[in-house]
Amino acid sequence: MSQVTNQFAGPYRTHSCGELRASDAGATVRLAGWVNRRRDQGGLIFLDLRDRHGITQVVIDRTDAADAHETAGRVRGEFVVTVVGTVVRRMAGTENKRLATGDVELQVMGLTILNEAKTPPFYVNDPEAVIDESLRLKYRYLDIRREAMARRLLLRSKLVHAIRDAHHRAGFIEVETPNLIKATPEGARDFLVPSRLQPGSVYALPQSPQQLKQLLMVAGVDRYFQIARCFRDEDLRGDRQPEFTQLDLEMSFVDEAAVMDFVESMIVEVSKATVPERPLQEWPFPRLTYADAMDRYGSDKPDLRFGMELEDLGSRIVGQGGIAASGFRVFDETIAAGGVVKCIVVPGLGGASRREIDELTERAKALGAKGLAHLSIGPDHAIHGPIVKFLGDDGAQHLLQRLTTNPGDLVLIVADTAPVANDVLGKLRQELGGRLGLADENVLAYCWVTRFPMYEWDAENERWHATHNPFSGVLPEDESLLITADGDPYRPSPRDPAGKARAMQYDIVLNGWELGGGSVRIWKHDLLVQSLALQGHSEAAMHEKFGAMLDAFEFGAPPHGGIALGIDRWAALFSKQTNIREVMAFPKTQSGGDLMLEAPSEPEPEQYAELGLKFVGVKRGGPGAGA
């Protein structure tokens with residue numbers, strides 16, 4: 001065998017199954033992999049040999065290699081084999097243009113079966129096969145052999161590699177933080193780990209490294225990043241898993257602009273390195289305030305790949321003297337009560353059937369609206385719909401006069417409070433945009449959403465709840481609002497000026513998904529105490545839960561801020577998936593189970609005893625029900 005220098009060289013192969021080309025003709029090489037397909041033509045047996053790098057056709061001729069041919073007669077799909085032979089060009093007209101190796105084949109001199117395989121529970125070699133997801137998850141090691149899954153994991157690896165390169169070039173230090181920490185309130189349930197060495201005590205798995213990365217700033221690390229594993233015990237959906245991975249970063253001596261400028265440049269660099277074929281819709285990224293995003297798109301994670309913005313019709317309803325006088329009682333009463341009348345214009349849906357309109361109406365009601373009015377734009381720009389008889393032709397024209405409509409469009413209208421109207425129309429916009437194919441799936445439409453409310457009122461616990469995390473900073477001009485109405489910092493109420501404060505918080509959005517969120521933090525001890533008091537923590541409680549942070553801030557903390565971006569979500573969006581399970585090697589099911597390893601499972605009795613624990617059951621219907 002000729003001497004070959006190759007990164008895959010070893011006892012079983014000299015090359016991968018995806019790298020041989022016409023220029024290799026005449027070389028003697030060894031390949032190893034799984035049998036993707038076998039075709040027996042009597043004297044000739046053809047094997048498509050597969051590894052994660054590609055497929056090479058190998059030919060075993062009984063005349064030239066009788067022993068190898070006899071062995072090949074026992075080979076079946078997914079057998080693991082190694083072959084040695086000579087690379088030859090395929091005969092003219094027999095090339096396979098679908099394969100990178102399609103100009104050549106390997107004429108085999110020797111074949112060894114390394115391992116036999118049972119018949120798989122699904123076709124590994126058929127990319128079009130429809131496979132039940134539970135079966136895929138149970139046999140995930142087979143699922144990952146499939147080209148689509150392997151390709152997505154490779155893309156994810158490229159993404160993480162590009163992230164690390166970008167941060168190292170920008171002077172960041174990669175620091176690992178522990179996975180056994182103290183439980184802190186961060187918005188979701190913690191996963192708890194009992195301690196054997198300290199019976200009766202528990203660790204929590206981190207929902208994020210939030211406090212730790214801020215402590216690293218106090219420690220003088222200056223620029224930190226980590227590809228961090230995080231854990232949240234919460235209900236699952238397409239973009240959530242109980243354990244997930246995020247890019248976590250923090251920077252010292254920065255303001256909002258400095259953090260956002262770096263993150264944006266890093267995102268552009270990583271996007272071009274990972275998916276260079278996918279264009280950015282706009283750069284610099286658009287920046288929307290939270291109020292603007294909700295008003296225009298009904299969402300704080302708007303998909304900007306298509307228009308269909310929400311329009312406020314209220315000003316066209318209110319007449320002289322500020323009296324609502326559209327002629328349609330529902331609109332008039334809503335405006336008079338301080339509500340809004342808003343709409344979206346759906347292109348090309350003006351010919352929707354009664355059944356389709358009823359379905360949209362039921363969907364709007366399910367989302368929280370009292371009802372859904374509609375108007376259709378006819379071929380002659382005439383307006384049709386049940387409410388025209390109340391508005392009149394002139395009233396309908398007046399209502400829609402400043403909208404951009406075309407013949408065949410459908411106008412959907414919600415009259416309700418602003419939060420309800422925005423939310424309902426925002427979700428209808430997203431659903432209809434997807435149904436009608438209005439978004440270019442190749443485009444990457446990033447945007448920033450900023451100026452979130454600092455807090456929202458938690459009526460059940462009678463306290464303010466941080467909309468992001470307990471440590472988000474407040475806009476300097478709103479710092480004076482972080483007070484209670486009665487002057488007692490430990491007695492928050494919904495009348496507090498704090499409810500009007502805005503945070504130095506920013507989310508990065510990609511194609512309608514929240515990709516990540518961050519903020520410039522509170523970095524002064526007294527202001528952090530003030531904010532934690534508004535969030536319902538007594539002085540003793542805040543020291544019990546956040547003592548390390550409060551102590552550290554008394555030793556000099558620099559101004560600092562950062563962000564966390566979901567690696568799983570980013571990889572899913574890059575690979576055009578709607579569920580992050582499709583870019584995770586070993587994800588959990590919707591109910592949090594691992595079908596392959598059969599987890600979670602009951603521990604051995606000895607394990608409970610060693611921890612001093614005994615399972616007494618879960619109160620159904622109460623906290624933790626179903627856990």
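Analysis parameters
- Residues numbered from 1 in each chain as written.
- Predicted model: local features only at pLDDT ≥ 70, side-chain atom pairs only at ≥ 80, totals over all residues.
- Heavy atoms only, no water.
- Helix = DSSP H or I, 4+ residues; strand = E, 2+ residues; numbered from the N terminus.
- Contact = heavy atoms within 4.5 Å.
- Lys, Arg positive; Asp, Glu negative; His and termini not counted.
- Charge placed at Lys NZ, Arg CZ, Asp CG, Glu CD.
- Expected span 1.5 Å × (residues − 1).
- Buried < 20%, exposed > 50% of the residue type's maximum accessible area, 1.4 Å probe, protein only.
- Phe/Tyr/Trp six-rings, centres within 6.5 Å; stacked < 30°, edge-to-face > 60°.
- Pairing = 2+ DSSP bridges.
- Axes fitted to C-alpha atoms, helices over the stretch in contact; angles between N-to-C directions.
- pLDDT = per-residue confidence, 0-100.
- Salt bridge = Lys/Arg side-chain N within 4 Å of Asp/Glu carboxyl O.

1. Here's the deal with the overall build of the protein
And step 1. Along the backbone of the protein there are 15 helices and 22 strands.
And step 2. Taken along its principal axes, the extent of the C-alpha atoms in the protein is 100 × 75 × 50 Å.
And step 3. Sequence-distant contacts in the protein: of pairs separated by 6 or more residues, those separated by 24 or more amount to 68%.
And step 4. Side-chain charges in the protein split into 71 positive and 87 negative, and the spacing between the mean points of these groups amounts to 4 Å.

2. Some remarks on helix α11 (residues 418-435)
Because each turn of an α-helix spans 3.6 residues, side chains separated by three or four positions in sequence point in the same direction.
And step 1. Compared with an ideal rise of 1.5 Å per residue, which puts 18 residues at 26 Å, α11 spans 25 Å between its outermost C-alpha atoms and is within 8% of the ideal.
And step 2. Every buried residue belonging to α11 is among A421, N422, V424, L425, G426, L428, R429, L432 and G433, and all of these are buried.
And step 3. Contacts made by the buried residues of α11 are with α7 (290-297), β13 (340-346), α9 (354-366) and β16 (410-416).
And step 4. Positive backbone phi, at 65°, marks G437, one or two positions downstream of α11.

3. Some points on the packing of aromatic side chains
Aromatic ring pairs are reported here in terms of the distance separating the ring centres and the angle at which the planes meet.
And step 1. Counted under the stated rule, the structure contains eleven aromatic pairs.
And step 2. Centre to centre, the rings of F328 and F331 are 4.7 Å apart; their planes meet at 80°, and the pair counts as edge-to-face. Of the two residues examined, F328 and F331, each falls in the buried class.
And step 3. On the basis of an interplanar angle of 70° and a centroid distance of 5.0 Å, the ring pair of W457 and W464 is categorised as edge-to-face.
And step 4. On the basis of relative accessible area, W464 is assigned to the buried category, the value being 5%.
And step 5. Grouping aromatic residues by their ring pairs yields a cluster made of F328, F331 and F390.

4. Thoughts on the sheet that holds strand β15 (residues 383-384)
And step 1. With respect to topology, five strands assemble into an open sheet ordered β12-β13-β16-β14-β15, the strand pairing being antiparallel. Strands at the two margins of the open sheet, each flanked by one partner only, are β12 (311-312) and β15.
And step 2. Bridging between β13 and β16 involves seven bridges; their strand directions are antiparallel. Paired with V346 across the bridge in β16 is L410.
And step 3. Docked against the sheet, helix α8 (residues 329-336) engages β13, β14 (373-377) and β16, running at close to 45° with respect to β16.

5. Describing unusual backbone geometry
And step 1. Across the junction of W283 and P284, the peptide omega takes the value 0°, indicating a cis bond.
And step 2. Take P284: it is sitting in the loop between α6 (256-274) and β11 (287-289).
And step 3. Note the cis peptide between A599 and P600, where omega equals 0°.
And step 4. Unusually for a residue other than glycine, M308 sits at a positive phi of about 55°.
And step 5. If you check the backbone angles, K576 has positive phi at about 60° while not being a glycine.

6. Notes on the environment of S493
And step 1. Take S493: it is sitting in the loop between β19 (463-466) and β20 (505-510).
And step 2. Judged by its relative accessible area of 14%, S493 falls in the buried class.
And step 3. In this structure, the C-alpha to C-alpha distance between S493 and A459, residues 34 residues apart in sequence, is 9.0 Å.
And step 4. Ignoring sequence-local partners within four residues, the contact set of S493 consists of W457, W464 and A485.

7. Some remarks on the pairing of β14
And step 1. Counting buried positions along β14 yields five of five residues, so the element is predominantly enclosed.
And step 2. With burial as the criterion, each face of β14 is covered, one bearing A373, L375 and I377 and the other bearing H374 and S376.
And step 3. For β14 and β15, the ladder comprises two bridges, and the chain directions are antiparallel. When the sheet's bridge partners are listed, S376 is paired in β15 with H384.
And step 4. The hairpin formed by β14 and β15 contains five residues between the paired strands, and H381 there has a positive phi angle of roughly 70°.

8. Focus on the confidence of the model for the protein
And step 1. For the protein, per-residue confidence averages 93 on the pLDDT scale, and residues scoring 70 or more make up 97% of the total.
And step 2. Every residue in residues 622-627 scores below 50 in pLDDT, and together they form eight contacts with partners more than four places removed in sequence or on other chains.

9. Structural notes on helix α12 (residues 525-534)
And step 1. Counting buried positions over the ten residues of α12 gives eight, a clear majority of the element.
And step 2. H525, L527, L528, V529, S531, L532, A533 and L534 are the residues of α12 that are buried.
And step 3. Note on α12: the residue one or two positions beyond its end, G536, has a positive phi of about 90°.

10. Points about the pattern of salt bridges
And step 1. Across all of its chains, the model carries 42 salt bridges by this definition.
And step 2. A salt bridge links R140 to D143; the shortest N-O distance between them is 2.8 Å. Linking R140 with D143, this pair stays in helix α3 (residues 140-143), spanning three residues, or about one helical turn. Of the two residues examined, R140 and D143, each falls in the buried class.
And step 3. When the shortest N-O distance is used, the salt bridge between R287 and D261 registers 3.3 Å. A residue pair is termed long-range when its members are at least 10 positions apart, and R287 in strand β11 and D261 in helix α6 qualify at 26 residues.
And step 4. The class for R287 is partly exposed, based on a relative accessible area of 41%.
And step 5. Judged by relative accessible area, D261 falls into the partly exposed class, the value being 45%.
And step 6. Several salt bridges share partner residues, and in doing so they unite R136, R140, D143, R146, R152 and E582 into one network.

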